[in-house]
Amino acid sequence: MMLFTYDSYAQSYFGFKSGLTLSKQQIKHSFADVEYTEHMHFSAFYEGFRSKYLSAIGEIAYQRKGFAYDVETTTEEHPEGTGDFLDVGNRYSYLSVTLLGKIRYSIGDFVPYFCAGPRVDFKIGERSTPLLLYYNKWAKKRLYGYSLGTGLELPKLFSKIVLIEFMVSPDISDVYVEPFDVKNRSFQASVGIMF
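Residues numbered from 1 in each chain as written. Predicted model: local features only at pLDDT ≥ 70, side-chain atom pairs only at ≥ 80, totals over all residues. Heavy atoms only, no water.

## Re the packing of aromatic side chains
What the rule picks out here adds up to 6 aromatic pairs. Between the aromatic rings of Phe16 and Phe195, the centroid separation amounts to 6.2 Å while the plane-to-plane angle is 75°, which identifies the pairing as edge-to-face. Here Phe16, found in strand E1 (residues 11–27), pairs with Phe195, found in the segment after strand E10 (182–194); they are 179 residues apart in sequence, far enough to count as distant. Between the aromatic rings of Tyr36 and Phe187, the centroid separation amounts to 6.2 Å while the plane-to-plane angle is 55°, which identifies the pairing as tilted. Residue Tyr36 is located in the loop between E1 and strand E2 (37–50), and its partner Phe187 is located in strand E10; the two are separated by 151 residues in the primary sequence. Connected via pairs of aromatic rings, a cluster forms that spans Tyr92, Tyr94 and Tyr176. A cation over an aromatic ring shows up here: Lys17 above the ring of Phe45, its NZ or CZ 5.4 Å from the ring centre. The ring of Tyr94 carries the charged tip of Lys65 above its face, separated from the ring centre by 5.8 Å. (Phe/Tyr/Trp six-rings, centres within 6.5 Å; stacked < 30°, edge-to-face > 60°. Helix = DSSP H or I, 4+ residues; strand = E, 2+ residues; numbered from the N terminus. Lys NZ or Arg CZ within 6 Å of the ring centre and 35° of its normal.)

Set out below in structure tokens:
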């Protein structure tokens, strides 16, 4: 005889998060010393199968990734450089879909947690300027990666559950068809609310 059990305390929530993304591209075999860029991100998520310690999350987010790279301008009068710099770094807008497993443990009024899972980024926009380090046509339309994060739920701060979260989101896929060995690296700091 087979027995099935159901956790009557399992709950589900919808939520929204927003915050700051720091991103740059890890470029192997390149002279370019690229810098991080800063952008806002926004996401909506559903957290289900929520038991005392475990839950599953599906999340859709808008975020921008890329890098900054300043090149000094030159003229015929100043071939050594004018002292003015132009940012030729590539930036892309993505719609990210992430599936996360979440582990949490309640400590009084605080609920720290850890989450991890796979991610797919769909390119929906790009920075368009006359000078860029890489051609935009080289950028792939879909990237694969994963996200790892930790956070803190504050269930008694307001009438809803407030959360603070820090996430690292490296890519597995190369950003461009060519050159190879260029991958996005990003960090997200978020504040959210669950209903």
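Alright, that's what it looks like, and here's the rest.
## What to know about the pattern of salt bridges
Counted by the stated rule, this structure contains 16 salt bridges. We note a salt bridge from Glu47 to Lys102, for which the minimum N-O separation is 3.2 Å. A residue pair is termed long-range when its members are at least 10 positions apart, and Glu47 in strand E2 and Lys102 in strand E6 (residues 91–104) qualify at 55 residues. Each of the two residues, Glu47 as well as Lys102, counts as buried. With a closest N to O distance of 2.9 Å, Arg50 and Glu153 form a salt bridge. (Salt bridge = Lys/Arg side-chain N within 4 Å of Asp/Glu carboxyl O. Buried < 20%, exposed > 50% of the residue type's maximum accessible area, 1.4 Å probe, protein only.)

## Re the sheet that holds strand E3 (residues 54–66)
Spatially, E1-E2-E3-E6-E7-E8-E9-E10 is the arrangement adopted by the 8 strands of the closed barrel, whose pairing is antiparallel. Each strand axis lies, on average, 25° off the axis of its neighbour in the sheet, ignoring direction. In this structure, E3 lies alongside E6, joined through 13 bridges in antiparallel fashion. Bridge pairing in E6 places Ala56 opposite Gly101. (Pairing = 2+ DSSP bridges. Axes fitted to C-alpha atoms, helices over the stretch in contact; angles between N-to-C directions.)

## Overview of the nonpolar core
Considering soluble globular proteins, one finds that nonpolar side chains tend to be buried as a cluster. With 14 residues, the main nonpolar core has Val175 and Tyr176 as its most contacted residues. Dropping the residues within four chain positions of it, Val175 is found in contact with Gln25, Tyr92, Tyr94, Trp138, Ala139, Lys140, Leu143, Val182, Lys183 and Asn184. Phe45, Leu100, Leu163 and Met167 belong to the second largest nonpolar core, which has 10 residues in total. (Core = buried A, V, L, I, M, F, W, Y, C linked by side-chain atoms within 4.5 Å. Contact = heavy atoms within 4.5 Å.)

## Remarks on the side chain of Asn90
Within the secondary structure, Asn90 is located in the loop between strand E5 (85–87) and E6. A polar side-chain atom of Asn90 sits 3.2 Å from a polar atom in the side chain of Tyr92. Here Asn136 takes part through its side chain, which lies 3.4 Å from a polar atom of the side chain of Asn90. Setting aside residues up to four positions removed in sequence, Asn90 forms contacts with Lys65, Gly66, Phe67, Leu132, Leu133, Tyr134, Asn136 and Tyr176. (Polar contact = N/O pair within 3.5 Å; in protein donor to acceptor, adjacent residues only side chain to side chain.)

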